[in-house]
Structure formats: structure tokens, C-alpha cells
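Coordinate analysis (summary)
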Amino acid sequence: MAETGSERKVELVIVGGGPAGLTAGLYAKRTELDTVLLERGLPGGQLLNTELIDDYPGLPEIDGRELAELMTKHAQKFGLEIQTAAVQAIKKLENGDFRVTTEGDDVYIARAVILTAGGTPNKLEVPGEVEYSGRGVSYCAICDGAFFKGETIAVAGGGDAATEEADFLTRYVDKLYLIHRRDELRAQKILQNRVFENPKIEIIWDTVVEEVLGDEKGMNGLRLRNVRTDEESRLDATGLFVFIGFLPNTGLLEDHAEHDAGGYLITDRDMRTSIPGLFVAGDVRAQLTRQITTAVGDATTAVIAAEKYLTELKEAEATATA
Ligand code: NAP
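The numbers attached to residues start from 1 for each chain and follow its sequence in the written order. Totals for whole chains, interfaces and linings use all residues, but because this is a predicted model, local features are given only for residues with pLDDT of at least 70 and pairs of side-chain atoms are given and counted only at 80 or more. Side-chain measures were taken over the full set of non-hydrogen atoms in the model, leaving aside hydrogen atoms and water.

**Observations regarding the domain arrangement of the protein**
Quick note on the threshold: All the domain ranges listed were derived from an automatic or database domain assignment. Note on contacts: a residue pair qualifies if any of its non-hydrogen atoms lie within 4.5 Å across the two residues. For any pair of parts, buried area is found by adding up, for both, the accessible area (1.4 Å probe) each one loses once the two are put together.
Parsing the protein into structural domains produces domain 1 (7–120 + 246–321) and domain 2 (123–242). Here domain 1 and domain 2 have C-alpha centroids that lie 33 Å from each other. Of the residues lining the interface, 8 residues belong to domain 1; the matching set on domain 2 comes to 8 residues. Interface area, domain 1 with domain 2, both sides summed: about 570 Å², of which 50% is carbon and sulfur.

In C-alpha cells form, the structure reads like this:
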């Protein structure tokens, strides 16, 4: 929009420009829906933080930023309009439309919304974590595990994600240290037992990561602190996977939508949420795994379902005015 504070009507607003949002945009324009995609930064989402992707079919090895660019151009080829705008609130109105408000106070009135705003892995917030992100520090075992073949790495966390992913990572690495801040794990017993029985995993109890260490080649160690004795030590490791929770970006919704205990939005098989006209895809959705492939698949379903919803709305309105 040219000026701030303006209001515009569209059929569909897509919130978020990661793989799910860009796929939704591509299919929406291909289906000729009047669509706008709102993204606060550069399109690409978490792809922009991923150095190498080797699990997207057909592209054996691709830089995350390159894939983001390709996905953006592909959606734009079908005419997708991408606006740089941080969405602040999504509200369902009494007439069934949605009011989507951006930080600049621009308002989009949409008949349907696809929310693909993703989520954010919780960070340790220690020195070196940002600096070595993508050069040792990772938040995704399936994405990055294969880059640590034969190496010694660490995993931070003690919940289901940390234990499940630690066990998964031992298919690649020689040695894995699970660093947990307490003396017992939070994870389900079955996942705990897998970790206890895995000969490659050693648990470092009552310990937190104080700093990620490294040089120009990347991460090469961690500074640890025992929380009981305050004693500090150095652990040699070339990788650190952080699994200390994940926050889905659902705070934009002003209305209550059904979600699970972790705050992820629950959908039916057509990506419909408990709010009619609101569809979700990608990391913000309650699901088994969070992959690029699942995000693009779910986004495709969301658009087809949204198109069906919009057609039914038009038919109902035509019948009412006939
Ligand atoms: P989670 O259950 O909240 O566990 C987070 C872990 O990180 C906890 O062990 C916590 O320690 C630790 N932690 C939190 N902040 C920390 C910090 N600043 N420094 C060090 N450690 C910190 O999160 P999650 O494991 O990501 O799981 C999220 C949800 O997804 C859960 O509901 C989980 O059940 C579900 N999930 C399920 C499966 C499965 O069923 N297979 C797999 C993955 C995830 P404390 O224990 O001391 O609090």
C-alpha cells in the first residue's frame, strides 16, 4: 500500500512468507484468487537461516537463501503480490470477514486468511550462539545432522525434542553429549530410555552452556557451568543442537483458536482451524514434524480448502440475494 493507515479489501491474505506462505501464494494466484502475502522481512522464513538444504526432493544440495529466492520468484511468476509488512493482529469480524492489521496501521479486509507465520525455536541466549548459528549451532536435527558425520557434538535440553533428536543424531555422530540443567529429564520415559541405552550418548547433568566457542572455521567447543558447584569446564565439540522449546507465532490471533498444549494450532485434514475461514500451514500447525516438505504440502491443501470455502461463501451470498 502506498500510504499507511489505508484499508484494502482482498479475497485472501497470507500471513508469513516462508516455504508454506510462498507455496500458498503460488497456488492461490494459480487458482486466480485475489491474494496478498504479508511478510515482515525478506521472504524465505527459516530458509534464510539455513546454510545447506539436502532433503528437498529434486534439489540434492541447495543453499537455503537460494531456495527462498527460487520459491519467491516462482510465486511471483504467477503474479503473487508480496508486501513487506509486520502483521500485528488478525480479527474475525461479525460479517465473517477478517481484519488484518499491520504495524503501519494498514488494514486488509480479507474473506479468508492462511496463517503461515511459523514459529521461533527458543534460544539459549549465550555469547557465541548467534555468531556460530549455521556454523555449528543448529535448531534442526533433520536439517543439519548429516553435516556432523563422525564428529563430537552436544545437544542442549531435557525434553521430548532434545532426547528424540539426540537419539536421531547418533546415526551420524561418533559421540554426543546431552547437556541438561537438572538431574532428571523431562522427556517421556520411552525417549529417556532410548537415550540411556544409546552407547554414543553421555549425559552431562546439572549443567548449562555459558558460551559457544570457536574461530573463523566455526564452532569448536562450549564453555559449560555446573549449576550446583558453579564449576566451569570446556567441552570440545563441533556442533550444538539446541532443543529447549519452540514458540509458535500465534500471538497475532485476537480470537481464540483451538490449539494443543504447546500453543500449536489444531487443524482438520484440510488445514481448517476452529475459526471458519482461517487456515494454517507450516510450523504454526500442530503436527508430527516441521519440515519444508510438509510445509509446502500443507500449504497446498490450505489453498485448495480456502478456495472451496470462498466459492461456498459466494454461492451462499448469491442464493441469499436471489
Ligand atoms: P519442552 O518439553 O518444553 O522441554 C524443554 C527442555 O529444555 C526442558 O528439559 C527444559 O529444562 C530445557 N530448557 C528450557 N529452557 C532452557 C534454558 N534456557 N537452558 C537450558 N535448558 C532449558 O520442549 P520440547 O522438548 O521442545 O517439546 C515441546 C513440545 O513438543 C512438548 O509438548 C513435547 O511433548 C512435544 N514433543 C513431542 C515429541 C514426541 O512425542 N515424540 C517430540 C518432540 C516434542 P527443564 O526440564 O529443567 O525445564
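**Side note on the sheet that holds strand E12 (residues 175–179)**
Under the convention used in this document: Any two strands with at least two DSSP-identified bridges between them are counted as paired. What counts as a helix is a DSSP run of H or I of at least four residues, what counts as a strand is a run of E of at least two, and both are numbered from the N terminus.
As summarised here, the arrangement of the 5 strands in space is E10-E17-E11-E12-E13, forming an open sheet in which the pairing is parallel. Among the strands making up the open sheet, the edge pair consists of strand E10 (137–138) and strand E13 (201–204).

**What about the environment of Leu-33?**
Note the threshold: Per-residue accessibility, obtained with a 1.4 Å probe over protein chains only, is compared with the maximum for each type, and a residue is labelled buried under 20%, exposed over 50%, and partly exposed between these values.
With respect to the helices, strands and loops of the structure, Leu-33 is situated in the loop between helix H1 (19–30) and strand E2 (35–39). Under the relative-accessibility criterion, Leu-33 is labelled buried at 5%. Distance from Leu-33 to Asp-174, taken between C-alpha atoms, is 51 Å for residues 141 residues apart in sequence. Those residues in contact with Leu-33 that lie beyond four places of it in its chain are Glu-11, Leu-12, Ala-28, Glu-307 and Leu-310.

**So, the sheet that holds strand E14 (residues 207–215)**
Threshold: Axis definition: a line fit to C-alpha positions, over the contact stretch in the case of helices; interaxial angles, taken between N-to-C directions, run 0 to 180 degrees.
Read across the open sheet, the 3 strands follow the order E14-E15-E16; overall the sheet is antiparallel. Unpaired on one side and paired on the other, E14 and strand E16 (232–236) mark the two borders of the sheet. When strand polarity is set aside, the average angle formed by the axes of neighbouring strands in this sheet is 30°. Bridge count between strand E15 (residues 218–226) and E16: 5 bridges; the pairing is antiparallel.

**Details of the packing of H1 against helix H6 (residues 292–321)**
Condition: What makes a crossing left-handed is the near helix being turned counterclockwise from the far one by less than a right angle; a clockwise turn instead makes it right-handed. Polar here means any residue other than Ala, Val, Leu, Ile, Met, Phe, Trp, Tyr, Cys and Pro, which are nonpolar, and Asp, Glu, Lys and Arg, which are charged; Gly is therefore polar.
Interhelical geometry of H1 versus H6 gives an angle of 35° and a closest axis separation of 8 Å. Crossing handedness for the pair H1 and H6: right-handed. Within the contact between the two elements, H1 uses Pro-19, Ala-20, Thr-23, Ala-24, Tyr-27 and Ala-28 and H6 uses Ile-292, Ala-295, Val-296, Ala-299, Thr-300 and Val-303. Grouping the amino acids of the contact of H1 with H6 by side-chain chemistry returns 10 nonpolar, 2 polar and no charged.

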